[in-house]
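# Secondary and tertiary structure notes
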Amino acid sequence: MRLTVNGIERGIESAPLTPLLYVLREELGITSPKAGCQQGGCGACTVLVDGEARRACLLAVAAVDGAEITTVEGLGAPEALSAIQTAFHEHYAAQCGFCTSGMLIAAHAYLEHGGSGERESIQETLSGHVCRCTGYVKIIDAVAAAAGGEITSRQKWLPQTGEESPVEVPGAPA
Amino acid sequence: MTGLDVLVPSSPEEAVAAYGDGDGVTVIAGGTIVLPEITYGRLRPSKAILLKDAGLAGITRDGSRVTIGATTPVVELTELPAPIGPCAANVADSEIRAQGTVGGNLCAGIGPEAPRGDLQGALLAVGATVRTGGSGGEKTQPLEEFLADREGKLLLDVSYDEPAAGAFASLDRPHTHDYTALAVSAARAEDGTTRLAVSGVAGHAVRLPSAEAKADNPQAAGEAAAGDATFADDALASAWYRGQTLPVLVRRALTQLQEA
Ligand SMILES: Cc1cc2nc3c(=O)[nH]c(=O)nc-3n(C[C@H](O)[C@H](O)[C@H](O)COP(=O)(O)OP(=O)(O)OC[C@H]3O[C@@H](n4cnc5c(N)ncnc54)[C@H](O)[C@@H]3O)c2cc1C
Ligand code: FES
Ligand code: FES
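One structure accompanies this document, and this report is about it. All values reported here derive from a predicted model rather than from experimental measurement.

## With respect to the overall build of chain B
- Of the regular secondary structure elements, chain B holds ten helices and twelve strands.
- With the C-alpha coordinates aligned to their principal axes, the bounding extent of chain B is approximately 60 × 45 × 35 Å.
- Counting over 260 residues, chain B shows a buried share of 54%.
- Taking the intrachain contacts of chain B between residues at least 6 apart in sequence as the baseline, contacts between residues at least 24 apart amount to 58%.
- Accessible area for chain B stands at about 10800 Å²; split by element, carbon and sulfur atoms hold 48% of it.
- Placing the 20 positive and 33 negative side-chain charges of chain B at their respective mean positions leaves the two points 2 Å apart.

## Some words on the sheet that holds strand E2 (residues 8-11) of chain A
Residue and element names in this part refer to chain A.
- Overall, mixed pairing links the five strands, which are arranged E2-E1-E5-E3-E4 in an open sheet. Bordering the open sheet on either side are E2 and strand E4 (52-55), each of which pairs with just one other strand. Going from strand to strand, the sheet's axes swing by 40° on average, the running direction of each strand aside.
- Pairing analysis gives four bridges linking strand E3 (residues 46-49) to E4, with the strands arranged antiparallel. Along E4, the bridge assignment pairs Leu 48 with Ala 53.
- Contacting E3, E4 and strand E5 (68-70), helix H4 (residues 100-112) crosses the sheet at an angle of about 35° to E3.

What counts and how
Residue numbers here run from 1 along each chain, matching the order of that chain's written sequence. The lettering of chains begins at A and the numbering of ligands begins at 1, in the order of writing. At least 70 in pLDDT is required for a residue's local features to be given in this predicted model, at least 80 for side-chain atom pairs to be given and counted, and no such filter applies to totals for whole chains, interfaces and linings, which use all residues. Side-chain numbers here rest on the full set of heavy atoms in the structure, without hydrogens or water. Numbering of helices and strands runs from the N terminus; a helix is a DSSP stretch of H or I covering at least four residues, while a strand is a stretch of E covering at least two. When a residue's accessible area, from a 1.4 Å probe over protein chains only, is under 20% of the maximum for its type it is buried; when over 50% it is exposed; and in between it is partly exposed. Contact definition: two residues touch when any of their heavy atoms are within 4.5 Å. Areas reported here follow the Shrake-Rupley algorithm with a probe of radius 1.4 Å; residue values treat only the protein chains shown as occluding. We treat Lys and Arg as the positive residues and Asp and Glu as the negative residues; His and chain ends play no part in the count. Throughout, a charge is located at the NZ atom of Lys, the CZ atom of Arg, the CG atom of Asp or the CD atom of Glu. DSSP bridges decide pairing: two strands pair if at least two such bridges lie between them. The angle between two axes is taken between their N-to-C directions and runs from 0 to 180 degrees, where each axis is a line fitted to C-alpha atoms and a helix contributes only its stretch in contact.

In structure tokens:
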């Protein structure tokens, strides 16, 4: 079996009914999709399969043989965040971070499918995603901002040299 | 998983051939129910059939006859008229609806904590028939008969005549991932007959014949309905609670139907 993961083609050795989640985490070492409930009920494992948000814990790898898989690493890199990643960062939409990759993937798919940005439609889209830190308001704020075009992708989110960091972080680069 | 045989048929004929008489075969459609069973070791397949490429997806219309392929994702049913559309929109969340299929919903056995297979009720109310392959060859039979005995059958499609009017009344879910404790679907056929069905009861969804006989009087029909169902008693709701709720849902569905 073969998968294209974040643009790179990979051969897959796992048994055919192994959930895609374990193939990503254990065979390929990509741990951003989280193993939460592993039965479809939390959304933490959500990845894009050929552009559609899907639960990696509910898909046998053989059912996605040949597909393009995108995890949050494929949305953007720390030095070049996508619009939705930037919005999450600016709106403090991540706390412990466990739900964040699933939320980002679902929100990214929502934006790609022309999501209107109305809070009700964002809630509907994210309704299968559980945030145990209960950061829902900030998460919805972030998606609404990205959908409204208020926030676009950002090249550098780390404080630039000479730019003051908004918070004093001991030991952080000046 | 040594000795595991996984088949990915690329046509309905190939799927039927791969299924044979179904003995020892695990069918995987959307996988939203089956995969966790495998993950948690409750199911250890020796032969599995993935239906994703079997050419069984899609909704077709021939006059007023609607045919829905077994692997059509639940989301594609959400725009259909009541009772099917609102019932489908009430299944899980948008991402699960895009992955779970009609066939998986109709074939879902009763779950450990909740009855599942919400679409069974809506499709019973429109008098659906199913087409299956498997032991004894291809068969077309009423959905009711199929639900009572699914052994050795591969579901190919489900079809029904578009009703003149339909209605759906259910208990609200506290979260999109909660199953619906009880829901009533109602439909009035073009010939004026009214069918009523309830999902969330023990085993699988059932028709409510005593309530149907009094369909002109929603209150009386609600009172008559209780004798038609055996209530599930699980983590979602007690049998007592379901019993108290059924008359209310029947009344609401029939009132909606009268106004439709
Ligand atoms: C978080 C969550 C919430 C859910 N909420 C709901 C809900 O509110 N209401 C509800 O009804 N369901 C719910 N479900 C259950 C499930 O997602 C749906 O019932 C879905 O429609 C099942 O379809 P599937 O294709 O994924 O089934 P699968 O898992 O592929 O199959 C289910 C069963 O049917 C058999 N099967 C599948 N297709 C066929 C066929 N063509 N012929 C013969 N046998 C077949 C399989 O072998 C298996 O036993 C939920 C699931 C999750 C994970
Ligand atoms: S781990 Fe997949 S939905 Fe929870
Ligand atoms: S940020 Fe902790 S679970 Fe959502």
